[in-house]
Amino acid sequence: MSPESKKLFNIIILGVAFMFMFTAFQTCGNVAQTVIRSLNNTDFHGSGYTSMAIIYGVFSASNLITPSVVTIVGPQLSMFASGLFYSMYIAVFIQPFPWSFYTASVFIGIAAAVLWTAQGNCLTINSDEHTIGRNSGIFWALLQSSNSCTLALILELFGRYYLVSSFFSLESDRRTVFIALTVISLVGTVLFFLIRKPDSENVLGEDESSDDQDMEVNESAQNNLTKAVDAFKKSFKLCVTKEMLLLSITTAYTGLELTFFSGVYGTCIGAINKFGAEEKSLIGLSGIFIGIGEILGGSLFGLLSKNNRFGRNPVVLLGILVHFMAFYLIFLNMPGDAPIAPIEGTDSSAYIRSSKEVAILCSFLLGLGDSCFNTQLLSILGFLYSEDSAPAFAIFKFVQSICAAVAFFYSNYLLLHWQLLVMVIFGFSGTISFFTVEWEAAAFVARGSDYQSI
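Once a new chain begins, its residue numbering starts again from 1 and follows that chain's sequence as written. Two thresholds apply to this predicted model, a pLDDT of at least 70 for residue-level local features and 80 or more for giving and counting side-chain atom pairs, whereas whole-chain, interface and lining totals are computed over all residues. To obtain the side-chain values, all non-hydrogen atoms of the structure were used and water was disregarded.

You'll find the protein chain entered in an unreviewed UniProt entry as UNC93-like protein MFSD11, with Callithrix jacchus given as the organism. What UniProt records for the protein chain under Sequence similarities (unreviewed entry) is the sentence "Belongs to the unc-93 family." UniProt positions are given in the numbering used here, feature names are shortened, and annotations may be inferred rather than shown by experiment. Here is the UniProt Subcellular location (unreviewed entry) comment for the protein chain, exactly as written: "Membrane".

Novice: I'm lost on the overall build of the protein chain in this one. Help?
Specialist: Looking only at helices and strands, the protein chain has 15 helices and zero strands in total. To sort residues, take the accessible area from a 1.4 Å probe on protein chains only and compare it with the maximum for the residue type: under 20% means buried, over 50% means exposed, and anything in between is partly exposed. Out of the 454 residues belonging to the protein chain, those deemed buried represent 57%. Counted over contacts in the protein chain with a minimum sequence separation of 6, partners at least 24 positions apart contribute 86%. Surface accessibility of the protein chain: about 18,100 Å² in total, with carbon and sulfur atoms responsible for 67%. A run of H or I in DSSP becomes a helix once it reaches four residues, and a run of E becomes a strand once it reaches two; helices and strands are each numbered from the N terminus. Contact between two residues is taken to exist if any of their heavy atoms lie within 4.5 Å; hydrogens are not considered. Exposure was quantified through the Shrake-Rupley algorithm and a 1.4 Å probe, taking into account, for residues, occlusion by the shown protein chains and nothing else.

Novice: How should the nonpolar core be read in this particular structure?
Specialist: Buried together is how nonpolar side chains tend to be arranged in soluble globular proteins. Each nonpolar core is a collection of buried residues, namely Ala, Val, Leu, Ile, Met, Phe, Trp, Tyr and Cys, held together in the definition by side-chain atoms within 4.5 Å. Core analysis: the biggest nonpolar cluster contains 102 residues, and F18 and W116 have the highest contact counts within it. Here F18 is in contact with T23, M79, L115, W116, Q119, F139, L143 and F192, once residues within four sequence places are set aside.

Novice: Would you mind going over the pattern of salt bridges with me for this structure?
Specialist: Opposite charge on two side chains permits them to pair, given that their charged atoms come into close proximity. What makes a salt bridge here is a side-chain nitrogen of Lys or Arg within 4 Å of a carboxyl oxygen of Asp or Glu, nothing more. Under the criterion given, the structure shown has three salt bridges. Measuring nitrogen to oxygen at the nearest pair gives 2.8 Å for the salt bridge that ties K242 to E440. Of this pair, K242 sits in helix α10 (residues 242-271) while E440 sits in helix α15 (residues 416-446), and the two are 198 residues apart along the sequence. Overall, K242 belongs to the partly exposed group, its relative accessible area being 44%.

Novice: Honestly, the side chain of S127 in this entry has me stumped. Any pointers?
Specialist: One can find S127 in the loop between α5 (98-125) and α6 (132-168). A polar contact is formed between the side chain of S127 and the backbone oxygen of L123, at a distance of 2.7 Å. Between N or O atoms, a polar contact is any pair within 3.5 Å; within protein, one atom must be a potential hydrogen donor and the other a potential acceptor, and residues adjacent in sequence are included only when both atoms are from side chains.

Novice: Would you take a moment to explain the environment of P335 for this structure?
Specialist: Within the fold, P335 resides in the loop between α12 (313-333) and α13 (356-384). Classification of P335 by relative accessible area gives buried; the value is 0%.

Novice: I would appreciate a short explanation of the packing of aromatic side chains in the present structure.
Specialist: Each pair of aromatic rings is reported with the distance of its centres and the angle of its planes. Two rings from Phe, Tyr or Trp (for Trp, the six-membered ring) form a pair when their centres sit within 6.5 Å of each other. Planes less than 30 degrees apart are called stacked, planes more than 60 degrees apart edge-to-face, and all others tilted. Counted according to the given criterion, the structure contains 24 aromatic pairs. Where F18 meets F139, the ring centres are 5.2 Å apart and the plane angle is 75 degrees; that geometry is what we call edge-to-face. Here F139 lies in helix α6 and F18 lies in helix α1 (residues 3-39), a separation of 121 residues in the sequence. What makes F18 buried here is its relative accessible area of 0%. When the ring of F260 is compared with that of Y265, the centres are 5.8 Å apart and the planes differ by 35 degrees; the resulting orientation is tilted. Owing to a relative accessible area of 2%, F260 belongs among the buried residues under this scheme. Y265 gets classed as buried once you look at its relative accessible area, which sits at 1%. Members of the aromatic cluster, joined through ring pairs, are F18, F22, F25, Y86, Y89, F93, F101, Y102, W116, F139, F178 and F192. Here R196 stacks its cationic end above the ring of F9, 5.1 Å away from the centre of that ring. Sitting over the ring of W116, K397 keeps its end group 4.0 Å from the ring centre. For a lysine, the NZ atom is tested; for an arginine, the CZ atom; a charge sits over a ring if that atom is within 6 Å of the ring centre and within 35 degrees of the ring normal.

Novice: Explain the environment of A404 to me, please; I cannot follow it from the model alone.
Specialist: For A404, the location among the structural elements is in helix α14 (residues 389-410). Separated by 349 residues in the primary sequence, A404 and I55 place their C-alpha atoms 9.4 Å from one another. Residues within four places of A404 in sequence aside, it is in contact with Y56, G255 and T259.

Novice: Explanation requested: the side chain of N333 in the structure shown.
Specialist: Along the chain, N333 turns up in helix α12. Looking at N333, the relative accessible area reads 1%, which means it is buried. Contact partners of N333, with chain neighbours within four places excluded, come to A350, I352, R353, S354, S355, V358 and A359.

Novice: Explanation requested: a nonpolar patch on the surface in the structure shown.
Specialist: Taken together, the side chains of I340, L415, W418, L421, I425 and F426 present a nonpolar region at the surface, about 520 Å² in accessible area. Considering the arrangement of structural elements, one finds L415 in the loop between α14 and α15. Patch criteria: residues need more than 30% relative accessible area and no salt bridge. Like-charged residues are merged within 9 Å; nonpolar side chains of Val, Leu, Ile, Met, Phe, Trp and Tyr are merged within 5 Å.

Novice: Help me understand α12 in this model?
Specialist: Each residue after the first adds 1.5 Å to the expected span of a helix. In a regular helix each residue adds 1.5 Å, so 21 residues correspond to 30 Å; α12 covers 30 Å between its end C-alpha atoms and thus fits that length. Buried within α12 are the following residues: N313, V315, V316, G319, I320, V322, H323, A326, F327, I330, L332 and N333.

Novice: Sorry if this is basic, but what is going on with the packing of α13 against α14 here?
Specialist: The description of two helices packed together rests on the angle between their axes and the distance between the axes. Helix axes use the C-alpha atoms of the stretch in contact, all axes being lines fitted to C-alpha atoms, and the angles between their N-to-C directions lie in the range 0 to 180 degrees. Running from N to C, α13 and α14 cross one another at 145 degrees; their axes reach a closest spacing of 10 Å. The segment α13 lies against α14, with N374, L377, L378, L381 and G382 engaging F393, F396 and Q400. Taken together, the residues of the contact of α13 with α14 break down into five nonpolar, three polar and no charged. Following the grouping adopted for this structure description, the nonpolar residues are Ala, Val, Leu, Ile, Met, Phe, Trp, Tyr, Cys and Pro, the charged ones are Asp, Glu, Lys and Arg, and the polar ones are all others, Gly among them.

Novice: Any chance you could explain helix α4 (residues 75-92) here in plain terms?
Specialist: Note that an α-helix has 3.6 residues per turn; residues three or four places apart therefore point the same way. The terminal C-alpha atoms of α4, which comprises 18 residues, lie 26 Å apart, in line with the 26 Å expected from a rise of 1.5 Å per residue. Of all the residues in α4, the buried ones are P75, S78, M79, S82, G83, Y86, S87, Y89, I90 and V92.

Novice: Quick question: what am I supposed to make of the packing of α4 against α5 here?
Specialist: Running from N to C, α4 and α5 cross one another at 150 degrees; their axes reach a closest spacing of 8 Å. For the element pair α4 / α5, the angle class is roughly antiparallel. The crossing of α4 and α5 is left-handed. Roughly parallel covers angles under 35 degrees, roughly antiparallel covers those over 145, roughly perpendicular covers 65 to 115, and oblique covers all other angles. Throughout, a crossing is termed right-handed when the near helix is turned clockwise from the far one, and left-handed when it is turned anticlockwise from it by less than a right angle.

Novice: Explain the environment of T431 here, please?
Specialist: Looking at the secondary structure, you find T431 in helix α15. You can call T431 buried: its relative accessible area is 4%. Note: C-alpha distance between T431 and G319 (112 residues apart in sequence) is 9.1 Å. Dropping the residues within four chain positions of it, T431 is found in contact with V316, I320 and F373.

Novice: Can you help me understand the confidence of the model for the protein chain in this one?
Specialist: Fine structural detail should not be taken from predicted coordinates in areas where pLDDT scores are low. The pLDDT value tells you how sure the predictor is about a given residue, anywhere from 0 up to 100. Confidence in the prediction of the protein chain, expressed as mean pLDDT, is 79, and 76% of residues score 70 or more. Mean pLDDT per element in the protein chain: helix α8 (residues 210-217) is the minimum at 47, and α12 is the maximum at 94. The model gives residues 156-168 a pLDDT under 50, and that stretch makes 34 contacts with residues more than four places away or in other chains. Confidence drops under pLDDT 50 across residues 449-454; counting only partners more than four residues distant or on other chains, this segment forms 13 contacts.

Rendered as structure tokens:
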């Protein structure tokens, strides 16, 4: 297998492994609040929003140390260990208790930080300046297949009305579903062992000197510790650079809209009584169309990356326009109290008659817009910080996760129109800041300069 084929193989395996893991995890996230509302009628008392706030809060703090962890352990073992904790979190739903539910939320927050830092490092070392855009698109399309895969499987195997009963009523059926999801997550975790170490030639962030490689092979534990400390220091240095501060605004927006489409929007759909008997099953259909939008965006931008003469800005512009369209339709189609409605749902009226078709269209638009932002952020980070990929991706996930945690917290209290307004403000600001960094990067590349020297 040629070096280029080996790198592409690694990217595909990386994407497939994440697809299996997040097939299970995203399904939990999409229905967690609704599931827990039904469990609150028993001895269990908890909040899905609170759990997700804990996850993203711990996730944020843990990103400060993950570059050091990935430096010492390596990306492959880091992702495998993290996958085990993801599986543990899903398994908690088989027989949930408040203490196990919130404890698992803490552990998966730590695991997520390690996982995504290792993923960014793995993506970078298997790419070069010509393939980073393509590889980001391939990875994102495979990752986001998770939304459609599990939800389509559940709807096909159990039917829409079974989905309602298994998740919200019958304990034995709920256990069956979450045992299956745990196994799916473990399959993805094992797949990380198929990733091969790429040849050093033409790899982003790798020194091509054979002498340096020999030194790396013979490094002592003390040298590994030194590398870990250096990675920790680099994280703080990168935090205050102009480029990273500007990209952090864009990243903050992705954290806010991640919370919205992965947790809040599904809850809104399930709370609208005017949707009739199918209101809960529409949550699954919404997740499928979010996944379709993500897959379409990732595939399209991955294929076009090599022939894109206009850089990353047009894709980000498309993303914000698509999201603004979705936000406007959601504002018109959903009652304002839908995110904080009680378990009985809401009978409040929206500005227009609430439409299932418009709700599902908005799901697709949310997924498509999200893929626009995330593929381009992965691409620009891997391109600009090829020598410091672990710290750069750790900062990216730190900002994204802390904003997601804040969003999950205020989702318990803010009406829908206020949540949409927050995203509009950050989305506009994040788009402008991304444009600024991309323009500067293009100017330096045109002059043949090293962008990292800025």
